[in-house]
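A structural walkthrough
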Amino acid sequence: MVGSDELKGTALAFAGVLAFSGSFPATVFAMRGFDPWLVAVGRALLAGIVALVCLRAARVPLLPPRSQWGSYALISLGVVFGFPVFSGLALHLGASTAHSAVVIGLLPAATAAFAVLRAGERPRPLFWVACTAGAVAITVFTVSQGGGSLSLADVLLVAALLSAALGYTEGGRLARSTPGWHVISYALVLSLPVTLPVSVALAAVTPITLTAASVGGFLYVGLVSMFLGFIPWYAGLARGGIARAGQTQLVQPLLTLVWAWLLLGERYGLATVLGALAVLVCVAVTQRSRS
């Protein structure tokens, strides 16, 4: 029987996944009025300011213990800078939202692999078989979509995937002893010395077109994707258990495909749907065979 805590945890985790699933369409909207670099770094600045205010309002320390700064640096490199920059540039170079969603769909498996390396877990051989199958499925999909070769956008998407996996792994490790919203808040606050001056400089030298779509997209990636989405996500993993609640992330690529169709009018063929389903199956197997 599934307990109420597990059900609530799964529901919370799904709320986080639902928030994250709109990130790619929102990024596309934001880049219609802002430079890709400004979207990537500026969203972290916006989230960092909100995080600073929340920490202050909660009357908790504004910075984590110095002994943990190395881990927070890895989180920042992964989810504050790496994923937004690499994924944003990939979308700017022409990767469709649907295509990007399929490639990034391997994220849960990549995160699990990072966790194995960091935590010294010893999963069953089936785990590695499924990870390899997922990587092969992604490679076949991207090569077939790219006319027989990998594009620069595909390379950037893989870099975004690895960056997010690194950030998720370090964040998950710290969230074992620190509230999840503190973890993402500290990573954002520690990044402010970089995000603030860089964002100001980019805003001064790049063209900006303020429209409802561009501003709305920017606010979404800054407030929801970079900060608010992590609150139910981490709470769900803590309450429902990583093995169970983490399964909700399997539906993220399919949700993104829906948003791409509804919000951007993207049309994709059978290959995209089959690619997303193949990745979903591979990741599901990795999640169930980690121990």
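Below is a short write-up of the structure. Because the structure is a prediction, the values reported are computed rather than measured.

**Structural notes on the overall build of the protein chain**
- If you tally the helices and strands in the protein chain, you get 14 helices and zero strands.
- Every one of the 291 residues in the protein chain was classed for burial, and the buried ones make up 52%.
- Considering only contacts in the protein chain between residues 6 or more positions apart, those separated by 24 or more positions represent 89%.
- Carbon together with sulfur atoms contributes 70% to the accessible area of the protein chain, which is approximately 13000 Å² in total.

**Concerning the environment of H92**
- Within the secondary structure layout, H92 lies in helix α4 (residues 69–92).
- For the pair H92 and V28, spaced 64 residues apart in sequence, the C-alpha separation works out to 7.9 Å.

**Describing the nonpolar core**
- I104 and L188 are the most contacted members of the largest nonpolar core, which totals 72 residues.
- The element contributing the most residues to this core is α4, with ten residues.
- If we ignore the near neighbours within four places in the chain, the residues touching L188 are A44, A47, G48, A51, V80, M226 and F227.

**Thoughts on the packing of helix α2 (residues 23–30) against helix α13 (residues 252–264)**
- Contact geometry of α2 with α13 gives a least axis separation of 8 Å together with a crossing angle of 35°. Contacts from F24, P25, V28 and F29 in α2 reach T256, W259, A260, L263 and L264 in α13.
- Split by residue class, the contact of α2 with α13 holds eight nonpolar, one polar and no charged.

**A closer look at helix α9 (residues 180–205)**
- Relative to the 38 Å expected for 26 residues at 1.5 Å per residue, α9 spans 36 Å between its end C-alpha atoms, a close match to the ideal helical length.
- At L192, α9 is bent by approximately 55°, the largest bend along its length, and proline P193 sits one to four residues beyond.

**Comments concerning empty space enclosed by the protein**
- Scanning the model with the defined rule gives one cavity of 30 Å³ or more in all.
- What the largest cavity holds in volume is close to 300 Å³.
- The wall of the largest cavity is formed by 22 residues, among which F20, S23, F83, Y168 and Q252 lie closest to the centre.
- Where the lining of the largest cavity is concerned, the elements lending two or more residues are α1 (4–21), α2, α4, α5 (97–104), α6 (107–119), α8 (152–174), α10 (212–228) and α13.
- A class-by-class count of the residues in the lining of the largest cavity yields 14 nonpolar, seven polar and one charged.

**A word on the side chain of S100**
- Inspection of the secondary structure assignment puts S100 in helix α5.
- Contacts of S100, omitting those with residues within four sequence positions, involve F24, L91, A95 and L157.

**Regarding the packing of aromatic side chains**
- Applying the stated criterion across every chain yields a total of seven aromatic pairs.
- Ring centres of Y72 and Y186 lie 5.8 Å apart, and the angle between their planes is 90°; on these two criteria the pair is classed as edge-to-face. Of this pair, Y72 sits in helix α4 while Y186 sits in helix α9, and the two are 114 residues apart along the sequence. Each member of the pair, Y72 together with Y186, is buried.
- Taken together, a centroid distance of 6.4 Å and an interplanar angle of 40° make the contact between Y168 and W233 tilted.

**Some details on unusual backbone geometry**
- For R59, which is not a glycine, the phi torsion comes out positive at approximately 60°.
- Mapped onto the secondary structure, R59 falls in the loop between α3 (36–57) and α4.

What counts, and at which threshold
- Residues numbered from 1 in each chain as written.
- Predicted model: local features only at pLDDT ≥ 70, side-chain atom pairs only at ≥ 80, totals over all residues.
- Heavy atoms only, no water.
- Helix = DSSP H or I, 4+ residues; strand = E, 2+ residues; numbered from the N terminus.
- Buried < 20%, exposed > 50% of the residue type's maximum accessible area, 1.4 Å probe, protein only.
- Contact = heavy atoms within 4.5 Å.
- Areas by Shrake-Rupley, 256 points an atom, 1.4 Å probe, with all protein chains shown as cover.
- Core = buried A, V, L, I, M, F, W, Y, C linked by side-chain atoms within 4.5 Å.
- Axes fitted to C-alpha atoms, helices over the stretch in contact; angles between N-to-C directions.
- Nonpolar A, V, L, I, M, F, W, Y, C, P; charged D, E, K, R; others polar.
- Expected span 1.5 Å × (residues − 1).
- Bend = angle between axes of the 7 residues up to and from the residue.
- 1 Å grid on protein atoms, 1.4 Å probe; cavity = no way out; pocket = protein on both sides within 12 Å on 5 of 7 lines; lining within 4 Å.
- Points joined across faces, edges and corners; volume = space filled by probe spheres on them.
- Phe/Tyr/Trp six-rings, centres within 6.5 Å; stacked < 30°, edge-to-face > 60°.

Remember, this is a structural readout, not a statement about activity or role.
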